[in-house]
Amino acid sequence: MTTIQKPLKKPMHGTSKAKGCSHARLGNFCKMFPKLKSWAEECKITEQCEAEAVAAAIGGVGGLMHDVRDESGDSNIPAAYTFFAQFVDHDITLDTTSPLHGKVPEAEIAKLPNLRSASLDLDCVYGLGPEAMPFMFDSTQPGRLLVGSEVDGVSNPEDVPRNADGRALIGDPRNDENLFISQMQAAFLKFHNRRLVAANFEKAQEETRYHYQYIVLYDFLKRVCHPDIYSFALPKIEQNAKKKGKKNYPFCDILDGCHRICMPVEFSVAAYRFGHSLVRSVYPANASYPLIELFDERFGTLGFGQVPPELNVDWRYLLDIEDCHPFSKSKKVDELLADELIRLPDPVVGRNAATNDRALAFRNILRGHALGLASGQAVAKELAAKGYPIKLPADLKFSDIDNWACLTKGLPCDISKHTPLFLYVMREAAVLGMGQTLGPVGSAILMETFGTMFVHCDTFLKKSWKPDPCVVRGKDLTLADFMAYAKG
Ligand code: HEM
């Protein structure tokens, strides 16, 4: 016998329903351009081994995306935005089901579950809320998120909360993968707790979400997107978020029948992985540790364990928080990935991972093949046809890449004309974004995807909400203000 449960009158804390999409309600992956041929079809690649050979030449160890000699210089983007970008990734997308070495049939892509809600709702911070995930909350103070760890007699009040084994008790385990993302997570916990002083849980959660969304739209996207595309898309996002009924922007329909946002693979497997090019092999942590490796076992920066108190990150070394305080920058936005990301350690990829499976650029290209992504040139045409100011065809000067002829010799097709989307987006950033921002195609994919979230989800744009003047220190809210406020 089946019993029919009455619907709850009030939503559970942290899972409040929002118009158009619901917080903490998961969706699936999908394609922004489902009608386009895949890059492999364009290149007449039928065998898996051919796709692997191309992925190895492009993204493998010593391949054309490997910054072997650490030659890619700095961008103007403060280094902290790299980890903010990664934090945003972990808030909106998580694929644990698609195979790396294989192909997902076209009809199955829309059935792949996205294990994060694609809605800038901070489910990586709140999980499913205090009722469903009480171990993340302080039982003595309603609505307060736990902060600080105590492992083997060592206490670190600036760390994320952990169990006795050192495992982080947080909404997304990936936010403990390296020292900086872990400390960024801790900053979000503290920001929420500061807001809680004058509010209840729901209000503090909403305030934290809205400040975060504001930074994504007006600070982060403005820095990383090409200015022509950002200024084209931003007013449309602002107008459409306020519009009732039919919205005419974003152009690509990535809502399912229940008006949930599906996560477009053009974003999650290619354009938004641009962040991998921002990553450096070494960073300053604080005054005593001015240069540590991103993954350095000696200092515990391998993540997934307690942060030693001496390594607590002083964000002034990675962000423009204080006048005249020097801070490090992100690597250039280009087709080169730091050596550290081409030799990923065991905790990130597993102990038995093969050499190229440890290379993130190889994984990105091969994952794009598994999910049937179209070529960058084909996607560029579609976006231009939808109205984005994109000049066609773009000259991405592939032959200027060192050893281009040698690296691409013997490949089944001309990669400069049929470019896998991830390589296209990164080369476009190097040439048309001058290494400082994404190019037009990468930017348009970001504005389409984030635009859908801002227009269809519960976001600050739908209210007449403004950042708290106590948080904003300059003219407009930035990540530096957020981090300074979180520190208290
Ligand atoms: C800081 C060092 C980082 C490391 C070690 C890292 C590592 C990884 C790894 C191992 C994957 C899975 C790759 C695959 O098997 O397909 C991945 C996926 C991804 N990364 Fe990163 N990443 C880093 C930074 C970033 C940044 C800064 C961004 C964003 C701007 C980013 C965006 C993404 C996205 C969107 C995915 C796909 C997530 C999914 O849908 O499952 N990552 N990353």
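Calculation criteria
Residues numbered from 1 in each chain as written. Predicted model: local features only at pLDDT ≥ 70, side-chain atom pairs only at ≥ 80, totals over all residues. Heavy atoms only, no water. Donors = N, O, S within 2.8 Å, 3.2 Å for Na, K, Ca; no water. Helix = DSSP H or I, 4+ residues; strand = E, 2+ residues; numbered from the N terminus. Near = heavy atom within 4 Å. Polar contact = N/O pair within 3.5 Å; in protein donor to acceptor, adjacent residues only side chain to side chain. 1 Å grid on protein atoms, 1.4 Å probe; cavity = no way out; pocket = protein on both sides within 12 Å on 5 of 7 lines; lining within 4 Å. Sits in = over half its atoms within 2 Å of the grid points. Nonpolar A, V, L, I, M, F, W, Y, C, P; charged D, E, K, R; others polar. Disulfide = S-S within 2.5 Å. Buried < 20%, exposed > 50% of the residue type's maximum accessible area, 1.4 Å probe, protein only.

Caption draft 1: Here's a closer look at the coordination of the iron atom of the ligand. Just one protein atom coordinates the iron atom of the ligand, and that atom is His276 (NE2), at 2.2 Å. Within the secondary structure, His276 sits in the loop between α8 (265-270) and β8 (282-283).

Caption draft 2: Geometry of the site of the ligand. Around the ligand sit 26 residues, and of these Thr93, Asp95, His276, Arg363 and Arg367 come closest. Between Thr93 and the ligand, the recorded distance is 2.5 Å, taken from a side-chain N or O atom to an oxygen atom. Within the contact set of the ligand, an oxygen atom lies 2.6 Å away from a side-chain nitrogen or oxygen of Arg367. Among the detected pockets, the ligand sits in the largest pocket. At the level of secondary structure, the elements contributing two or more residues to the shell around the ligand comprise α3 (80-92) and α11 (360-370). At five residues, α3 tops the list of elements feeding residues into the shell around the ligand. Of the residues in the shell around the ligand, the class split is twelve nonpolar, seven polar and seven charged.

Caption draft 3: Quick peek at the state of the cysteines. Taken as a whole, this structure holds two disulfides when the rule is applied. Note that Cys30 is cross-linked by a disulfide to Cys262, the S-S spacing being 2.2 Å. The S-S bond linking Cys30 to Cys262 shows a torsion near 80 degrees; that makes this disulfide right-handed. Here Cys262 lies in the loop between α7 (227-242) and β7 (263-264) and Cys30 lies in strand β1 (residues 27-30), a separation of 232 residues in the sequence. Look at Cys30 and you get buried, because its relative accessible area is 9%. You can call Cys262 buried: its relative accessible area is 9%. Residue pairing for Cys43: its cysteine sulfur links by disulfide to Cys413, the two sulfurs lying 1.9 Å apart. With the S-S dihedral at roughly 55 degrees, the linkage between Cys43 and Cys413 falls on the right-handed side. Of this pair, Cys43 sits in the loop between α1 (39-42) and α2 (48-59) while Cys413 sits in the loop between α13 (404-408) and α14 (421-431); the two residues are 370 residues apart in sequence, bridging distant segments of the chain. Considered together, Cys43 and Cys413 belong to a single accessibility category, that of buried residues.

Caption draft 4: Local environment of the environment of Phe201. Within the secondary structure layout, Phe201 lies in helix α6 (residues 201-224). Placed 58 residues apart in sequence, Phe201 and Gly143 show a C-alpha to C-alpha distance of 4.7 Å.

Caption draft 5: Representation of unusual backbone geometry within the structure. Cis rather than trans, the peptide bond between Tyr249 and Pro250 has omega equal to 0 degrees. Position of Pro250 relative to the elements: it lies in the loop between α7 and β7. Note the cis peptide between Leu392 and Pro393, where omega equals -15 degrees. Following the sequence through the fold, Pro393 ends up in the loop between α12 (376-385) and α13. In the Ramachandran plot, Asp70 falls in the positive-phi region, its phi being about 55 degrees despite a non-glycine side chain.

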